[in-house]
Amino acid sequence: LQLAHDNNVNYLFEASVGGGIPIIRPLNKCLAANRIMSITGIVNGTTNYILTKMKNEGLSFDDALKEARRKGYVESNPKEDIDGYDAARKLSILSTIAFDEFIDYRKIRPEGISRLGMIDMEYADSINSVIKLLAIGKRVSRGIFCKVAPVILQKSHPLASVEDIFNAIVVEGNIVGDAMFYGRGAGKLPTASAIIADIMDVVNNVYSNGKRLWKVKEHSELIDSEMYDASLFVRVGIIDMPSAKKLISEKMGEVKFVDIGKKYEIGFITQQERESAVRKKIKQLADGSCISSVLNIIMMYPEANIN
C-alpha cells in the first residue's frame, strides 16, 4: 500500500475476503459516513461447507473434509482453513479497514474446527442452535478485539442459515446499524468476478493518485482474547450423573445443563464472566472423581460483553 501510494497507483484486493462478495469497497465507500463498531462473519467457505455437511448429513469431520477436498474447496495445506488461519488473515484485513488501525493477523490466535464432532452438532441442535466458525472484530473502549473461533449461535441469528461455501459478513455502523453482505465465498468464478471488478476500477481511475486504504502506523495492540466476559458450552465425560451435576454446580455456580440422553457425558452452559476465570474453573472439574474428562469447550454467541 505504501509503495502504491508513493508511485501514484492503485492497489486493490477485493477478492482477498469473501470471494465474490463486495465487502472491502463498501467499507471504504458506501459506509464511509459510519464509525464501524463491529464486524462478525463467516469468511471461510471451506470450514462452513464442512460444518454444513456434518450438521445436515451426519458426516464425520474427516469425511466432510475429504468431500471438500474432492470438490476443490480446500487449500493445499488444509490447516490454513480448518485451523482458522485463513479466517484470521481475512479478519485482520477487514478490521484494519473498518477500524483504520493496522491489525497484524499474527496477533490473532485462531481456534479451528478439527476438534468438533457430530455429538457437538447434536448438543447445539438440542438448544435450537448451530455451530459456525466466526471471525469477530470489535471496537471497544480499551482498543480492538479480534477473535476467530467456532461458536454456538441461535438459529434465529442471520448467520445461522449461511451454509455450504457461502460467506456472510455483518457490519455494524454507528449510523446505519447492521448491514449484512452475503454470497459465494469460494470458487473460481466468484473470485474472478471480484478481481475483474478491481481491474475495471483501476482502469477507470488510472489518472487518479493512489490512496492508502488505512493508516500505516505501528501495529495496534489487541485485547487478550481471554480478558473479556463470555459464556461457554462445556461437554464433560462423567461416571455418575447425579454426583457430576452436583459437582459442576458447586464448582461452576449456576449453570444450564444440556442433556441429550448420553449415559456417560453431559453438557452445560456457564454463566457469562471473564473467560480466563471460567476456563480455570473448568480445568478444576477433571479433578472430581465423578468426572472423567473435559471433552470439548465451545463459545456461546453473543460471544462477549466487552467494554
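The rules behind each value
Residue indices begin from 1 for each chain and proceed along its sequence in written order. In keeping with the predicted nature of the model, local features appear solely for residues at pLDDT of at least 70, side-chain atom pairs appear and are counted solely at 80 or more, and the whole-chain, interface and lining totals rest on all residues. With hydrogens and water stripped out, all remaining heavy atoms of the structure feed into the side-chain values. To define a nonpolar core, start from buried Ala, Val, Leu, Ile, Met, Phe, Trp, Tyr and Cys residues and group those joined through side-chain atoms within 4.5 Å. Categorising residues by exposure relies on relative accessible area from a 1.4 Å probe, with only protein chains included: less than 20% of the type maximum marks a residue as buried, more than 50% marks it as exposed, and the intermediate range marks it as partly exposed. Secondary structure is summarised from DSSP: a helix means a run of H or I of at least four residues, a strand means a run of E of at least two, and numbering begins at the N terminus for each. Every residue pair with non-hydrogen atoms within 4.5 Å of one another is taken to be in contact. Every case where a carboxyl oxygen of Asp or Glu lies within 4 Å of a side-chain nitrogen of Lys or Arg is listed as a salt bridge. Arc definition: directions from the helix axis to the C-beta atoms. Between rings of Phe, Tyr and Trp, where Trp is taken as its six-membered ring, a pair exists when centres lie within 6.5 Å; planes separated by under 30 degrees are stacked, by over 60 edge-to-face, and by other angles tilted.

1. Digging into the nonpolar core
Part 1 of the reasoning: Core analysis: the biggest nonpolar cluster contains 56 residues, and Ile 23, Leu 27, Ile 50, Leu 94 and Val 171 have the highest contact counts within it.
Part 2 of the reasoning: In terms of residue count, the dominant contributor to this core is helix H6 (residues 85-99) (seven residues).
Part 3 of the reasoning: Apart from residues no more than four positions distant in its own chain, Ile 50 is found in contact with Phe 61, Ala 64, Leu 65, Ala 68, Ile 82 and Ile 113.
Part 4 of the reasoning: Within the second largest apolar cluster, 36 residues are counted, among which are Ile 42, Leu 134, Val 151 and Leu 247.

2. As for the pattern of salt bridges
Part 1 of the reasoning: Applying the stated criterion across every chain yields a total of 19 salt bridges.
Part 2 of the reasoning: The shortest N-O distance in the salt bridge between Lys 53 and Glu 57 comes to 2.7 Å. With a gap of four residues between them, Lys 53 and Glu 57 both fall in helix H3 (residues 45-57), about one helical turn apart.
Part 3 of the reasoning: For Lys 53, a relative accessible area of 11% translates into the label buried.
Part 4 of the reasoning: Because the salt bridges share partners, they merge into one network encompassing Glu 14, Arg 25, Lys 29, Asp 198 and Asp 201.

3. Describing helix H10 (residues 275-285)
Part 1 of the reasoning: Along H10, the positions that sit buried rather than exposed are Glu 275, Val 278, Ile 282 and Leu 285. In an axial view of H10, the angular spread of the buried residues amounts to 65°, which keeps them on one side of the axis. For H10, exposure combined with an orientation more than 90 degrees from the buried face picks out Lys 280 and Lys 283.

4. Things to note about the packing of aromatic side chains
Part 1 of the reasoning: Across all of its chains, the model carries five aromatic pairs by this definition.
Part 2 of the reasoning: Seen in terms of ring centroids, Tyr 11 and Phe 13 are 5.5 Å apart; in terms of plane orientation they differ by 45°. Their pairing is tilted.
Part 3 of the reasoning: Look at Tyr 11 and you get partly exposed, because its relative accessible area is 48%.
Part 4 of the reasoning: The exposure class of Phe 13 is buried, given its relative accessible area of 14%.

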